[in-house]
Amino acid sequence: MMMMTTTTRKARCFATSSASSTSFSSPPPSVSTRDPSSFHLFDDDSDDAEVEKNFRIDAHTDEWFEINREELRSSIFVHKNFRALWKPLKVEDISIDSLVYARLLEETPDVILFGTGQTLKQVPEESLKWARKMGMAVEVMDTANCVATFNVLVEEGRNVACGILLSGGNSEGGGNK
């Protein structure tokens with residue numbers, strides 16, 4: 001006699017908190033689906049208890065970031081339990097308006113990191129002042145160091161967010177090709 005079991009799956013929408021669930025018929029265009037194993041729209045939940053998920057940046061290249069097995073081909077904004085595609089393509093694009101995600105988080109991050117591409121570049125002073133005024137410590141570094149620092153701080157349980165530009169794309173230090 002053969003027994004069949006079913007698994008309930010919940011879809012996670014990109015650019016939303018991990019606590020929200022939604023479904024859609026196809027992945028966002030910025031997510032690569034070239035390799036079926038690199039795209040994971042569904043999380044298996046063996047029970048219905050919501051488990052707190054901390055996002056970590058698993059890998060990155062000049063053209064994409066991988067966060068919890070999801071490949072994102074854009075600059076990104078990441079908090080311990082939130083990730084989103086981020087509009088700035090180069091350092092000069094980082095403005096107070098582009099930091100809208102930091103304002104929408106339930107709790108203001110203690111630290112905000114900025115990854116500026118292949119090399120360290122100066123983030124506009126008004127954005128740095130705004131983050132400090134909101135009570136966040138600010139660190140600016142190249143993208144590779146930003147990814148590593150973010151992951152370490154999340155592992156330590158720190159309340160950290162980061163805005164990271166792609167390393168490739170142009171001589172300004174970020175953006176898509």
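Refer to the structure printed above.
So, a few notes on the structure that sits alongside this text. Predicted model, so just to flag it, every value in this text is computed and none were measured. (Residues numbered from 1 in each chain as written. Predicted model: local features only at pLDDT ≥ 70, side-chain atom pairs only at ≥ 80, totals over all residues. Heavy atoms only, no water.)

1. What to know about the sheet that holds strand 5 (residues 70-72)
Note the following rule: Two strands form a pair only when DSSP identifies at least two bridges running between them. Every helix listed is a DSSP run of H or I at least four residues long, and every strand listed is a run of E at least two residues long, numbered separately from the N terminus. All axes here are fitted lines through C-alpha atoms, helices being fitted over the stretch that makes contact, and every angle between N-to-C directions spans 0 to 180 degrees. In what follows, residue pairs with any heavy atoms lying within 4.5 Å of each other are defined as contacts.
If you walk across this open sheet you meet the 3 strands as 3-4-5, and the pairing is antiparallel. The open sheet has two free edges, formed respectively by strand 3 (57-60) and strand 5, since each of these has just one partner strand. On average, each strand axis in the sheet is tilted by 25 degrees relative to the strand beside it, whichever way the strands run. With 3 bridges joining them, strand 4 (residues 65-67) and strand 5 adopt antiparallel strand pairing. If you follow I67 over to strand 5, its bridge partner there is E70. Its contacts with the sheet place helix 3 (residues 143-155) against strand 3 and strand 4, and it is angled at close to 165 degrees to strand 3.

2. Some words on the environment of L128
Keep this limit in mind: Burial classification: accessible surface area is computed with a 1.4 Å probe over protein chains only, and a residue below 20% of its type maximum counts as buried, one above 50% as exposed, and the rest as partly exposed.
Secondary-structure assignment places L128 in helix 2 (residues 125-133). Judged by its relative accessible area of 4%, L128 is buried. Distance in space between the C-alpha atoms of L128 and I112 is 9.6 Å, their sequence separation being 16 residues.

Purely geometric numbers; function is a separate question.
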